[in-house]
Amino acid sequence: QQLSCTKRTKQKKADAKMVVTSGSIKRGMVETSLCSIGYHILDPHEKGAESSSTPIICLHSSPRSSDEFIDIMPLLSSGRRTIVALDAPGYGISENPYRSCTLEDIGSAFMEAIDGLLERPKKVI
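Fair warning: this is a prediction, and the values are worked out from it, not measured in the lab. (Residues numbered from 1 in each chain as written. Predicted model: local features only at pLDDT ≥ 70, side-chain atom pairs only at ≥ 80, totals over all residues. Heavy atoms only, no water.)

Outline helix 2 (residues 103-117), supporting the account with residue identities and numerical values.
For helix 2, which comprises 15 residues, the first-to-last C-alpha distance of 21 Å matches the rise-based estimate of 21 Å (1.5 Å per residue) to within 8%. Residues Ile106, Ala109, Phe110, Ala113 and Ile114 constitute the buried set of helix 2. Down the axis of helix 2, the smallest arc covering the buried residues is 140 degrees, so these residues share one side. Looking at helix 2, the residues exposed on the side facing more than 90 degrees away from the buried face are Glu104 and Gly116. (Helix = DSSP H or I, 4+ residues; strand = E, 2+ residues; numbered from the N terminus. Expected span 1.5 Å × (residues − 1). Buried < 20%, exposed > 50% of the residue type's maximum accessible area, 1.4 Å probe, protein only. Arc of directions from axis to C-beta.)

Given below as C-alpha cells:
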C-alpha cells in the first residue's frame, strides 16, 4: 500500500544539535534514507556507560508526535532505562519523506533511526 508523501530532493544533513526539552529529556534529529526523523531521548546513564536495562522505543499514534510521551518517559525509565520516542516521517519535527513511501519504508526508517541512536538491544512499543 502506497502512502501519499511529499517528494523532496534528498539532502544530506548532519544531526541537529540536541535541545533539552523537559528535565533531562533531549530532542534532536537523526538522518535516515527516507528523511530526517525527530526524536526525544531520556538516557539516565553517563555517556558511554553500559546499562543492563533494555531501552524502550515509543512510536506515537497518527496524527500525533513524540511529544505525547514526554510526561511518561521518566516513569518508563525509573531512572535506569533509556527511553526514545520517535516522530513519524511528516509528523512532529520529522521531515516529510524524500519520496513516496510504503509502511515498510517507514518501518525501515524507524529501524535506521533506532540503530543510529542506540547500539544495544531495544524493545519497541
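Lay out the nonpolar core in plain terms, naming residues and giving numbers.
Membership of the largest hydrophobic core comes to 18 residues, with the highest contact counts inside it found for Ile37, Tyr39, Ile57, Val84 and Leu86. At the level of elements, strand 4 (36-42), strand 6 (83-86) and helix 2 are the ones that each hand at least two residues to this core. In terms of residues, this core owes the most to one element, helix 2, which gives 5 residues. (Core = buried A, V, L, I, M, F, W, Y, C linked by side-chain atoms within 4.5 Å.)

An account of the confidence of the model for the chain is needed here, citing residue identities and associated values.
The predicted coordinates ought not to be read in detail in places where the model reports low pLDDT. The predicted model of the chain has a mean per-residue pLDDT of 79, with 71% of residues at 70 or higher. Here strand 1 (residues 2-3) stands out as the least confident element of the chain, with mean pLDDT 36; strand 4 is the most confident, with 95. Contacts from residues 1-17, a stretch scored under 50 in pLDDT, to residues over four places away or in other chains number 42 contacts. (pLDDT = per-residue confidence, 0-100. Contact = heavy atoms within 4.5 Å.)

Kindly report on the pattern of salt bridges, identifying the contributing residues and their values.
Opposite charge on two side chains permits pairing when their charged atoms draw close. Taken as a whole, this structure holds 4 salt bridges when the rule is applied. Taking the shortest distance from any N to any O, the salt bridge between Arg27 and Asp67 comes out at 3.9 Å. Within this pair, whereas Arg27 is found in strand 3 (residues 25-31), its partner Asp67 is found in the loop between strand 5 (56-59) and helix 1 (73-77), the two being separated by 40 residues in sequence. Its relative accessible area of 11% is what places Arg27 among the buried residues. (Salt bridge = Lys/Arg side-chain N within 4 Å of Asp/Glu carboxyl O.)

Account for unusual backbone geometry, naming residues and giving values.
With glycine set apart, most residues show a phi of negative sign, and most peptide bonds adopt trans. Note the cis peptide between Ser62 and Pro63, where omega equals -5 degrees. Within the fold, Pro63 resides in the loop between strand 5 and helix 1. You will see that Ser78, though not glycine, has its phi angle at about 50 degrees, which is positive. Tracing the backbone through its elements, the reader meets Ser78 in the loop between helix 1 and strand 6. You can call Ser78 partly exposed: its relative accessible area is 44%.

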